[in-house]
Amino acid sequence: MALSPLDIHNKEFARGFRGYDEDEVNKFLDQVMKDYEIVIRERDELDQKARELQERLGHFTNIEETLNKSILVAQETAEDIKGSAQKEAKLIMKEAEKNADRIVNEALSKARKISLDVEELKKQAKVFRSRMRMLVQAQLEMLGTDDWEELFDTEVDEDLELMEHES
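What you see is a predicted model; the values in this text were computed from it and never measured.

Focus: helix α2 (residues 22-144)
No. 1: Taking 1.5 Å per residue as the helical rise, α2 with its 123 residues ought to reach 183 Å, and the 176 Å between its terminal C-alpha atoms agrees with that figure.
No. 2: Along α2, the residues classified as buried are Leu29, Met33 and Ile40.

This is how it looks when you write it as C-alpha cells:
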C-alpha cells in the first residue's frame, strides 16, 4: 500500500544511541511530505486528464465508426442507384427499340398499302382510259355517220310544221 503524506508526517522513528539529528530528519520528512503531496496532486491531475482524453478518444472513435458506416451506406446507396439507373436505361432502350420496330413495321405496312393503292389506281386509270377511248370512238363513229348529213339537209320550216301539228 502506498504511503500518504499524512503517513510520512506521522512517522515516528525509534531513538537509538547516537542516532540522527531529529530536527534534520523532521525537516527532511517535511520536505519529502510536501514533494510527495505535489507528486500525488500531479498524478491525480494527470489521471483526471487521462480520463478526459480517454473520453474524448472514445467520442472521436464513435464519430469515426459512424463516419465509416455512413461512407459504407453512401457507397452501397451509390451502387444501388447506379444499378437502378443501368436497369432503367436498359428498359428505356428496349422500349425505344420496340417502338422503333413498331414504327418501322407500321411504315412498311403503310408503304405496302400505298403501293397496292397505286397499282389499283393504275388499273382503274387503264380501265377509264379504255372506256374513254371506246366512248370517244363511238362518238367519232356517230359523227362519221350519214345521219348528220340528213339532218343538215332537212329544213327548219318542216321541223316547225311538224311541231305545230303535234301540239
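After that view of the structure, there is still more to cover.
Here we look at the layout of surface pockets
No. 1: Reported here for the largest pocket is a volume of approximately 450 Å³.
No. 2: What lines the largest pocket is a set of 16 residues, and nearest its centre among them are Phe13, Arg15, Glu22, Val25 and Asn26.
No. 3: Within the residue set of the lining of the largest pocket, elements represented by two or more residues are α1 (5-10) and α2.
No. 4: Counting residues per element, the lining of the largest pocket draws most heavily on α2, which supplies 5 residues.
No. 5: Looking at the lining of the largest pocket residue by residue, the classes come out as 6 nonpolar, 4 polar and 6 charged.

Concerning the confidence of the model for the protein chain
No. 1: Mean pLDDT over the protein chain stands at 88; residues scoring 70 or higher make up 90%.
No. 2: The least confident element of the protein chain is helix α4 (residues 156-166), whose mean pLDDT is 66; the most confident is α2, at 94.

Concerning the pattern of salt bridges
No. 1: As enumerated under the stated definition, the model contains 5 salt bridges in all.
No. 2: Arg102 is paired through a salt bridge with Glu106; the nearest N and O atoms lie 3.2 Å apart. With a gap of 4 residues between them, Arg102 and Glu106 both fall in helix α2, about one helical turn apart.
No. 3: We classify Glu106 as partly exposed; its relative accessible area is 37%.

Looking at a nonpolar patch on the surface
No. 1: A surface patch of nonpolar side chains, amounting to about 590 Å² of accessible area, comprises Phe128, Met132, Leu135, Val136, Leu140 and Leu143.
No. 2: Mapped onto the fold, Val136 is located in helix α2.
No. 3: For Val136, a relative accessible area of 40% corresponds to the partly exposed category.

Definitions and cut-offs
Residues numbered from 1 in each chain as written. Predicted model: local features only at pLDDT ≥ 70, side-chain atom pairs only at ≥ 80, totals over all residues. Heavy atoms only, no water. Helix = DSSP H or I, 4+ residues; strand = E, 2+ residues; numbered from the N terminus. Expected span 1.5 Å × (residues − 1). Buried < 20%, exposed > 50% of the residue type's maximum accessible area, 1.4 Å probe, protein only. 1 Å grid on protein atoms, 1.4 Å probe; cavity = no way out; pocket = protein on both sides within 12 Å on 5 of 7 lines; lining within 4 Å. Points joined across faces, edges and corners; volume = space filled by probe spheres on them. Nonpolar A, V, L, I, M, F, W, Y, C, P; charged D, E, K, R; others polar. pLDDT = per-residue confidence, 0-100. Salt bridge = Lys/Arg side-chain N within 4 Å of Asp/Glu carboxyl O. Patch = residues over 30% accessible without salt bridge, like charges linked within 9 Å, V, L, I, M, F, W, Y side chains within 5 Å. Areas by Shrake-Rupley, 256 points an atom, 1.4 Å probe, with all protein chains shown as cover.

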